Each structure stands twice: as structure tokens, then as C-alpha cells.
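Survey of secondary and tertiary structure
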Amino acid sequence: MPGVVANAEKNQAAKGKNPKAAAGAKASEPAAAAAPADAAADPVAARKARYMTNADECVKFLLAMTGDERTEEIAALTAFQGEKDQKLRMAIGQVYVKLVESLNLTNEAVIVELLPLFLGACADKDKKVGLLATNNVVDLAGKITKQGVTRVLPHFLSALDAEVKFQMKVCALKVLGVFATKFPVQLKQSLPVIMPMMHEVLFDTKAAVTEAADECLALLFSKMVSNKDLEPFLPALISSINHL
């Protein structure tokens, strides 16, 4: 008999005729609906989870976003640079790498707009994250079009300011070296602006910056000075600038 009663209760519950079972089913409904509500209540956590779990989807989203959506996402990513979670910052860095890997004529302008985020990541307190970001920015410099150079150059020159973190200065100097090699004509037009800034970084308090500045200056002269008569004197010229 107990088995018969149990089966009857199950049948009644299935038909909605068992008040106790129906009440139990209704009571469980809010719990099932709670998960989406919780996710909507914490968009920051949802955004973090997206970058941690699906880099390819994040790349598609970043390339497609427009207007206020773009402004909001860039602000969120800027804030994430100060997050304590190293895994999150590394995951975002990997998304930036995928963005640069996808660089083409169609999306170059969109990716260039994200350059301040790439540069900011170079100064990450974790060396692995910072190195990933630096290499990524240098890769970007090698892939960009000559038209893109004029758009990104102000970002790299700003990164040479005295107040900027030294890792960003090192990255900017490496990029100028890439530009001197690949785009000497475009860079030559900006030499009157670049050279005074080079003088400042040559005497920076950080050895990493001065070393990068020496290498950059050597490339600027060797790749952009077309006077063959001056070439033998370039090492002495660079050395004299270093000792001004």
C-alpha cells in the first residue's frame, strides 16, 4: 500500500492536483530564476568572467562596440589594470594579443583607439603581464600601416614624459626604433619633436630607460641619416649627445 500511495501522489503532482507537491514546486521557482538576476546585479563580475573565460568572444566584442558602449568598456578595462587578480590582468593581456594578431586595414582604426590600454598594461606590477604587453605593443608597431603611424605616434611620444612609468617609456622607445627602421619617411617628419624628448630620456634615472634610449637613438641616426659622409661619425655623434 505505501507504494501505491506514493505512486498516486506522484501522478497527482504531475497533473497539478497534489497541493503539497504543487506548493513545493512553486517554492522552488524563485530559486531557479535567481541566477540570472544575480548576474544582472553584478555587471563587473560578469565582465571579469567574460575576459577570464572567452578571449575570442571578447575580441569580437571589442572590435564591434561603438559609441557609449565603447567608452564604458574602455573605462572598465582601465580600472581592471589596478585589479589585484593577476590572472584577470593576464587574461586581459591575452585578449590584447589576439586583437593585435587580428590587425588588418579594416579594424586598424578600432585597435589603435585601444592603444592607451595596451601601453598602460606595460607597467603592470607583475613582470610577466608587463612583458606580454610590451611585446604586444612592439608587434603592433611592426604590423601597423604607414598611415597608422601618424595616428599612434602622439601616444608613444606622450609615453616619454617624465611622469610616465618607466616601463611605458621603454616600450615607447622600442616602438620608435621599429618606426625608424620600417617607416623612416613618416618618422623623419617628426624628428624636431622627437629629438628634444630623446635628450630627456637619455638621462632618465632608470637604467632600463637610458639603455633603451641609447638603442633608439642609434637606430634613429643609422636609419634616417642619408648623408653617407656622416655615417662614420654617427657613433661619436651619439656619444657626444649622451654627454651633453
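Refer to the structure above for everything that follows.
Residues numbered from 1 in each chain as written. Predicted model: local features only at pLDDT ≥ 70, side-chain atom pairs only at ≥ 80, totals over all residues. Heavy atoms only, no water.

**A word on the side chain of Thr210**
Looking at the secondary structure, you find Thr210 in helix α14 (residues 207–224). There is a polar contact of 2.9 Å between the side chain of Thr210 and the backbone oxygen of Ala207. Among all residues touching Thr210, those that are not within four sequence positions of it are Val201, Leu202, Phe203 and Asp204. (Helix = DSSP H or I, 4+ residues; strand = E, 2+ residues; numbered from the N terminus. Polar contact = N/O pair within 3.5 Å; in protein donor to acceptor, adjacent residues only side chain to side chain. Contact = heavy atoms within 4.5 Å.)

**Focus: the side chain of Asp124**
Inspection of the secondary structure assignment puts Asp124 in the loop between α8 (115–121) and α9 (127–143). Those residues within four positions of Asp124 in sequence are excluded, and the remaining contacts are Arg89, Val129 and Gly130.

**Here's the deal with the nonpolar core**
Judged by nonpolar contacts, the single largest core of 60 residues is most densely connected at Phe118, Phe156, Leu173, Phe179 and Met198. Setting aside residues up to four positions removed in sequence, Phe118 forms contacts with Tyr96, Leu99, Val100, Ile111, Ala133, Val137 and Leu140. (Core = buried A, V, L, I, M, F, W, Y, C linked by side-chain atoms within 4.5 Å. Buried < 20%, exposed > 50% of the residue type's maximum accessible area, 1.4 Å probe, protein only.)

**Thoughts on the pattern of salt bridges**
Counted under the stated rule, the structure contains 10 salt bridges. Between Glu72 and Arg47 there is a salt bridge whose closest N-O contact spans 3.4 Å. Here Glu72, found in helix α5 (residues 67–80), pairs with Arg47, found in helix α3 (residues 43–53); they are 25 residues apart in sequence, far enough to count as distant. Here Arg47 falls in the buried class, since its relative accessible area comes to 13%. Salt-bridge contacts for Arg89 lead to Asp124; the nearest nitrogen and oxygen are separated by 2.6 Å. Taken together, the positions of Arg89 in helix α6 (residues 86–101) and Asp124 in the loop between α8 and α9 put the pair 35 residues apart, joining distant regions of the chain. Summarising the burial analysis for this pair, Arg89 and Asp124 share the class buried. Through salt bridges with shared partners, a single network forms among Arg47, Arg50, Glu72 and Glu73. (Salt bridge = Lys/Arg side-chain N within 4 Å of Asp/Glu carboxyl O.)

**Considering the environment of Met65**
Here Met65 is to be found in the loop between α4 (55–64) and α5. The class of Met65 is buried, set by a relative accessible area of 1%. Separated by 45 residues in the primary sequence, Met65 and Val110 have C-alpha atoms spaced 9.3 Å apart. For Met65, the residues in contact, after removing those within four places along its chain, are Arg70, Glu73, Ile74 and Leu114.

**Let's talk about the packing of aromatic side chains**
If you walk through the whole model with that rule in mind, you get three aromatic pairs. A centroid spacing of 4.9 Å and a plane angle of 50 degrees characterise the contact between Tyr96 and Phe118, whose relative ring orientation is tilted. Residue Tyr96 is found in helix α6, and its partner Phe118 is found in helix α8; the two are separated by 22 residues along the sequence. By the burial criterion, Tyr96 is buried, and Phe118 matches it. Ring centres 6.0 Å apart and planes at 65 degrees place the aromatic pair Phe179 and Phe183 in the edge-to-face group. Side by side, Phe179 and Phe183 carry an identical accessibility label, which is buried. Members of the aromatic cluster, each reached through a chain of ring pairs, are Phe156, Phe179 and Phe183. Across the ring face of Phe61, the terminal group of Arg50 is positioned such that the distance to the ring centre comes to 4.9 Å. Over the ring of Phe166 we find Lys206; its NZ or CZ atom is 4.9 Å from the centre of that ring. (Phe/Tyr/Trp six-rings, centres within 6.5 Å; stacked < 30°, edge-to-face > 60°. Lys NZ or Arg CZ within 6 Å of the ring centre and 35° of its normal.)

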